[in-house]
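This is what each chain is made of:
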Amino acid sequence: MARLYRQSALPVASQGHTMIAEDNIVSKAERVAALEAELESAGEISVADIELQHMRGVLHDWVDGVVGIVSSPGVGRVSLIHADGSQSSIASSRLPFLLSRPVRFGSAEGPV
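Worth saying up front: this structure is predicted, and the values here are computed from it rather than measured.

Looking at the sheet that holds strand β3 (residues 66–72)
Here we have three strands laid out as an open sheet, ordered β3-β4-β5, and antiparallel in their pairing. Bordering the open sheet on either side are β3 and β5 (87–91), each of which pairs with just one other strand. When the angles between neighbouring strand axes are averaged without regard to direction, this sheet yields 20°. Bridging between β3 and strand β4 (residues 77–82) involves six bridges; their strand directions are antiparallel. When the bridges of β4 are listed, Ser71 appears paired with Val78. The sheet contacts of helix α2 (residues 49–64) involve β3, β4 and β5, and relative to β3 the element is tilted by about 95°.

The rules behind each value
Residues numbered from 1 in each chain as written. Predicted model: local features only at pLDDT ≥ 70, side-chain atom pairs only at ≥ 80, totals over all residues. Heavy atoms only, no water. Pairing = 2+ DSSP bridges. Helix = DSSP H or I, 4+ residues; strand = E, 2+ residues; numbered from the N terminus. Axes fitted to C-alpha atoms, helices over the stretch in contact; angles between N-to-C directions. Contact = heavy atoms within 4.5 Å.

See the structure below:
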């Protein structure tokens, strides 16, 4: 079973992001862990302040090692190329669209 670290207080929403209730966060995290358990794979739930800060720090360091990104909105995937040549993929319906830049017409070189 996954370990659950409960959060003492919800962080404040920033930059237009909407925060969801702590019970909803925990419920979603427990559902993910339950699905992984069905695959006989253990998961670790981190929604507590200290554990969440640690995991975010690790993720920031990991992303800082990225030297290339392939964003594929059509398939809902972002592929990261790391400095050591390895590749990681993130399946997400939102992330590829967040990374995509709108096309700008009218420049001398055509669409940008």
